[in-house]
Each structure stands twice: as structure tokens, then as C-alpha cells.
Amino acid sequence: MAATASNSGNSGSKRNQNDKDVPPPLPEPLAVPVADSHTHLDMQQGSVEEALAKAASVGVTTVIQVGCDVAGSTWAAETAAAHENVWAAVALHPNEAPRIVLGDPDGWSRQGAREPGGDAALDAALERIDALAALPHVRGVGETGLDYFRTGPEGMAAQERSFRRHIDIAKRHGKALVIHDREAHDDVLRVLREEGAPETVVFHCYSGDAEMAKVCAEAGYYMSFAGNVTFKNAQHLRDALAVAPLDRILVETDAPFLTPMPYRGRPNAPYLIPVTLRAMAGYRGVAEDALATAVAENTARAFGY
């Protein structure tokens, strides 16, 4: 997450530094309730109950809690089972697969240092994800896909192997496939073609341009936009939003990451969905209620609730 720019003067710098840890204020409630199609409640401050109540108070009445490893996916499934308005997606994040296979000596993934486990360890982890995907309150398999930003060439084989297995899991269980695609557009689309995509595919935190959006639209894929659509350097995302069919658009926080402007750098949470949705409506030139109605219907259809 990018830091906020500091003001001149010691008092201004200190105030801005403190602001990084201060949650943004509650936005004006939406008139039409919507869902946060992708969030990580386990990485946010406070209890699940507090997060859900705060979100509901501004019209965000459903959240999709997404797992990134076996432990996080297990937590997502348990949390969805315990809360009526939470659904789960389970998977090994694209960056998790190489860490399982090749090891994680720095403990970057918050699990402590790990020794290389090889393909056998990856297979065992995928079996756990497969079992979780069968649960009725788990409505998505993800986030899976490819990430060439954090994983170098040495990890690509493990990523692609894991991605292909997740596609199979999603198809066998009839669940939405939730894709993480970072600097890997062509290969993500290639693997989907080669494996045969599941009936429902969601590009989480859509990161492609308008041309890719047209390809996704033609294939019937959903495109979920996050707070980074509001960033100054994200014109390509706004161009993609402009051409994406209204019945294929979702909105998400990816909280605690990607807090929308003007709060970039501060903690994100599902209650900030209205900020992103209102910005999206402005970029699209559609009424706020019309976009909210569309994304609410789209998210329910994509995740089958």
C-alpha cells in the first residue's frame, strides 16, 4: 500500500503519519444494498461481528471472505458457516504454491520459516482445499491464478500447476473460480482456454485494460473492481470499466488492501465499498442506484446465494 504524502512542517508530518492507522470515516449509506465480493476479514482489525455491523450500516450487507492458504481457507469456511451474510472462497494464493514447493525461509507469508515440501506437499494442500470446496457455505474457489510480480521464474511451474488444479476443483464442485492475475494476463487466459473454464469465473481486483475486458466479456467472465480503480495512475482500469458489460461488473475491497481515494494508505474494510461504487458510477456515467442494483444481482448470481 502506498503511503500518503507528508505535509510540510513537523506537526503536519506527525498528523499524516498517525492518519495511516486511523480508519476512514463512515461513508453515506447506499440506498441499494450491495456485497463486497472479495475481502480478508482475518487480516483486518477488530472482530468479524464489528466489521459486518459497520458494513451493514452503510448498505454492504454481504461479504465474500477469501482464503489464501490452507489455514486461511479453513477460517473462511468456518466464518461463513457461523455468519448468515458471509460466504467463503477457498484456495492457495498463487504466491503460496511456490512457497509450499520451494520453501519460505523468510516466513513472508505469516506462517514462519518453511522448508521446501516439493510437489507432494502441494498435492496435500490442494487436497485440503478440495475438501473445503465441497462445503455448502463455500461458494468460490480462489483466489487462485498467476502472479509474476512477487514470484520469479523459479516459481512459475508450481503456480501454474496449482492454478490448473484449482480450475478442476471449481468445475467438479460447481463453484465460482476467483482469479488473482498480476502481470500474467496472457498466461491466465491461456490456462483457462487449455483447461476449459468453469461456468463462473471472477477476475478479482481486475487489473487488465479495455482490450482484455472485451475478451473477458466475450467469454462471460465477471470483472470485480477494487479501490485502485480510483488511483490517479489507473486510467486503464477506468477504461476497462467503461467497456465491461453492466451484468459482468462486481465491486470489492480486497481489504485491508487497496483503500480507495481519498483514503489511500489507510486501513480498508467492507464498509468503504460505497466510496468505490460511487466512483465507479461516476466513471461509467450511470446512476449510483442503477450500478448498485446491477452489482448486487451480479454478485448473488456469480456466487450462487
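Please read these numbers as outputs of a predicted model, since none were measured by experiment. (Residues numbered from 1 in each chain as written. Predicted model: local features only at pLDDT ≥ 70, side-chain atom pairs only at ≥ 80, totals over all residues. Heavy atoms only, no water.)

A pair of packed helices is captured by two measures, namely the crossing angle of their axes and the spacing between those axes. Across the interface, helix α8 (residues 210-219) lies against helix α9 (residues 235-243) with an axial gap of 8 Å and an inter-helix angle of 35°. In this structure, α8 meets α9 at a crossing whose hand is right-handed. Contacts between α8 and α9 pair Ala210, Ala213 and Lys214 from the former with His236, Asp239, Ala240 and Val243 from the latter. A per-class count over the contact of α8 with α9 returns 4 nonpolar, 1 polar and 2 charged. (Axes fitted to C-alpha atoms, helices over the stretch in contact; angles between N-to-C directions. Helix = DSSP H or I, 4+ residues; strand = E, 2+ residues; numbered from the N terminus. Left-handed = near helix turned anticlockwise from the far one by under 90°. Contact = heavy atoms within 4.5 Å. Nonpolar A, V, L, I, M, F, W, Y, C, P; charged D, E, K, R; others polar.)

All right, on to α8 then. Think of an α-helix as turning once every 3.6 residues; residues three or four places apart then point the same way. Along α8, the positions that sit buried rather than exposed are Ala210, Met212, Ala213 and Cys216. For α8, the angular spread of buried residues about the axis comes to 150°, placing them on one side. Of the surrounding secondary structure, the elements contacted by the buried residues of α8 are β5 (176-182), α7 (185-195), β6 (201-203), β7 (222-225) and α9. By the N-cap criterion, in which a side-chain oxygen at the helix start approaches the backbone nitrogen of a residue two or three places on, α8 is capped by Asp209, the distance to Glu211 being 3.2 Å. Phi turns positive, to about 85°, at Gly220, one or two residues after α8. (Buried < 20%, exposed > 50% of the residue type's maximum accessible area, 1.4 Å probe, protein only. Arc of directions from axis to C-beta. Polar contact = N/O pair within 3.5 Å; in protein donor to acceptor, adjacent residues only side chain to side chain.)

Mapped onto the secondary structure, Asp104 falls in the loop between α4 (96-102) and α5 (118-133). Apart from the residues lying within four places of it in its own chain, the contact partners of Asp104 are Arg99, Ser109, Gly112, Ala113 and Arg114.

This paragraph deals with the sheet that holds strand β1 (residues 34-39). Read across the open sheet, the 8 strands follow the order β1-β2-β3-β4-β5-β6-β7-β8; overall the sheet is parallel. Strands with a single pairing partner mark the edges of an open sheet, and in this sheet they are β1 and β8 (249-251). On average, each strand axis in the sheet is inclined to that of its neighbour by 30°, with strand direction left out of account. As judged from the 6 bridges shared by strand β4 (residues 138-147) and β5, these two strands associate in the parallel manner. Bridge pairing in β5 links Val141 to Leu177. Along the sheet, helix α11 (residues 288-303) contacts β1, β2 (60-66), β4, β5, β6, β7 and β8; its crossing angle with β8, the most-contacted strand, is approximately 95°. (Pairing = 2+ DSSP bridges.)

We now examine helix α10 (residues 273-284). With 12 residues, α10 extends 16 Å between its outermost C-alpha atoms, agreeing within 8% with the 16 Å of an ideal straight helix rising 1.5 Å per residue. When α10 is considered as a whole, its buried residues turn out to be Ile273, Pro274, Val275, Thr276, Leu277, Ala279, Met280 and Ala281. Contacts from the buried residues of α10 go to β1, β2, β7, α9, β8 and α11. Positive phi appears at Gly285, one or two residues downstream of α10, with a value of about 75°. (Expected span 1.5 Å × (residues − 1).)

Now for the environment of Arg150. Relative to the assigned elements, Arg150 resides in the loop between β4 and α6 (156-173). Residues Arg150 and Arg182, 32 residues apart in the sequence, show an inter-C-alpha distance of 8.9 Å. Setting aside anything within four residues of it in sequence, one finds Arg150 in contact with Asn95, Trp108 and Arg182.

Take the packing of α5 against α6 next. For the pair α5 and α6, interaxial distance at closest approach is 10 Å and the crossing angle is 25°. In terms of orientation, α5 and α6 fall into the roughly parallel class. When you trace α5 past α6, the crossing you get is right-handed. Facing Asp119, Leu122, Asp123, Leu126, Glu127, Ile129, Asp130 and Ala133 of α5, the residues of α6 in contact are Ala158, Arg161, Ser162, Arg165, His166, Ile169, Arg172 and His173. (Parallel < 35°, antiparallel > 145°, perpendicular 65-115°, else oblique.)

Turning to the nonpolar core, a few remarks are in order. Counting residues in hydrophobic clusters, the biggest one holds 76 residues, and the most contacted among them are Phe163, Leu177, Leu192, Phe203, Tyr206 and Phe225. Here this core gets 6 residues from one element, more than from any other, and that element is α5. Phe225 has contacts with Tyr206, Leu237, Ala240, Leu241, Ile249, Leu250, Val251, Glu252, Thr276 and Met280, leaving out every residue within four places of it along the chain. (Core = buried A, V, L, I, M, F, W, Y, C linked by side-chain atoms within 4.5 Å.)

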